[in-house]
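Descriptive structure summary
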Amino acid sequence: MMKPLVRLCWCLALCLQCLLWGGAADAAEFVVVVSARNPVSSLRADQVAAIFLGQSGRFPGGAEAVALDLPVGSALRDDFYTTVAARTPALMKAYWTKMVFTGRGHPPRELASSAAARKLVADNPAMIAYIDKSALDASVKAIQVTP
């Protein structure tokens, strides 16, 4: 009785993986950016995740860190949180619902586009965002995110 259920779960997992791999080719590539005036050049993925999950409000050197998000439902946002924080959109929604309800935090400010995020980050060394790689310019610095 248990074997058909296990087989079904494996089949569903395989189908989901195939869908994810198939969609990955169409997805835009994100880069994590800070102001060109910010001294940070690399962060570990867990440090980036901590900033975007409201668990840390500081860069490693002690300077203030303010995260900026792209809209809920955008492919770039989903890819960012899956890659950096290992959380699906549903897990992110549950996380922020709990944080807001318990009074322990609020999600990062949402901006409409990579260009809008890039402009705010360029103007403020405390801000950090992820943007479409194609929106990168000299006003911001792409930082290396290591495992």
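Our subject in this report is the structure included herewith. As a convention, each chain's residues are numbered from 1 in the sequence order in which they are written. Totals for whole chains, interfaces and linings use every residue, but because this is a predicted model, local features are given only for residues with pLDDT of at least 70 and side-chain atom pairs only at 80 or more, for both listing and counting. Heavy atoms from the whole structure form the basis of all side-chain values; hydrogens and water molecules are not counted.

Let's shift gears to the pairing of strand β1 (residues 30-35). Exposed residues in this analysis have more than 50% of their type's maximum accessible area, buried residues have under 20%, and partly exposed residues fall in between, with area computed by a 1.4 Å probe over protein chains only. A run of H or I in DSSP counts as a helix once it spans at least four residues, and a run of E counts as a strand once it spans at least two, with each numbered from the N terminus. Most of β1 sits out of view: six of its six residues are buried. Judged from the four bridges that link them, β1 and strand β6 (residues 140-146) form a sheet pairing that is antiparallel. Looking across to β6, one finds that V32 is bridged to I143. By this definition, two strands are paired if DSSP reports at least two bridges between them.

The next point concerns helix α2 (residues 45-52). By the criterion of burial, α2 is predominantly enclosed, with six of the eight residues buried. Every buried residue of α2 is listed here: A45, V48, A49, A50, I51 and F52. Where α2 is buried, its residues contact β2 (42-44), β3 (66-69), α3 (75-84), α4 (89-101), β5 (127-132) and β6. G54 occupies a position one or two residues after α2 and carries a positive phi of about 75 degrees. Contacts were defined at the residue level, with two residues in contact if any of their heavy atoms lie within 4.5 Å.

A word on the environment of F80. Along the chain, F80 falls in helix α3. A sequence separation of 50 residues divides F80 from Y130, and the C-alpha atoms of the two residues are 7.5 Å apart. Those residues in contact with F80, other than ones at most four positions away along the chain, are F30, V32, V48, F52, A85 and Y130.

Relative to the helices and strands, A45 is located in helix α2. Among the residues examined, A45 registers a relative accessible area of 16% and is labelled buried. A C-alpha to C-alpha distance of 9.9 Å links A45 and A86, two positions 41 residues apart in sequence. Contacts of A45, omitting those with residues within four sequence positions, involve V84, V145 and T146.

Attention now moves to the nonpolar core. The definition of a nonpolar core used throughout is a set of buried Ala, Val, Leu, Ile, Met, Phe, Trp, Tyr and Cys residues joined through side-chain atoms within 4.5 Å. One finds L43, F52, F59, F80, Y81 and I128 to be the most contacted residues of the largest nonpolar core, which totals 38 residues. Listing elements by their share of this core, those giving two or more residues are β1, α2, β3, α3, α4, α5 (114-123), β5 and β6. For L43, the contacting residues outside a window of four places in its chain are V48, I51, F59, P60, I128, I143, Q144, V145 and T146.

Pairing of aromatic side chains here covers Phe, Tyr and the six-membered ring of Trp, requires ring centres within 6.5 Å, and sorts the geometry by plane angle: under 30 degrees stacked, over 60 edge-to-face, intermediate tilted. One pass over the full model with this rule turns up eight aromatic pairs. Centre to centre, the rings of F52 and Y130 are 5.8 Å apart; their planes meet at 55 degrees, and the pair counts as tilted. Remark: Y130 occurs in strand β5 and F52 occurs in helix α2; sequence separation between them is 78 residues. Residue classification places F52 among the buried residues on the basis of a relative accessible area of 1%. Ring centres 6.3 Å apart and planes at 80 degrees place the aromatic pair Y81 and Y130 in the edge-to-face group. Here Y81, found in helix α3, pairs with Y130, found in strand β5; they are 49 residues apart in sequence, far enough to count as distant. Like Y81, the residue Y130 is buried in the burial classification. Ring pairing ties together the aromatic residues F30, F52, F80, Y81 and Y130, which thus form one cluster. A ring is considered to have a charge above it if a Lys NZ or an Arg CZ atom is located within 6 Å of its centre and within 35 degrees of its normal. Above the ring of Y95, the side-chain terminus of R87 is found at 4.7 Å from the ring centroid.

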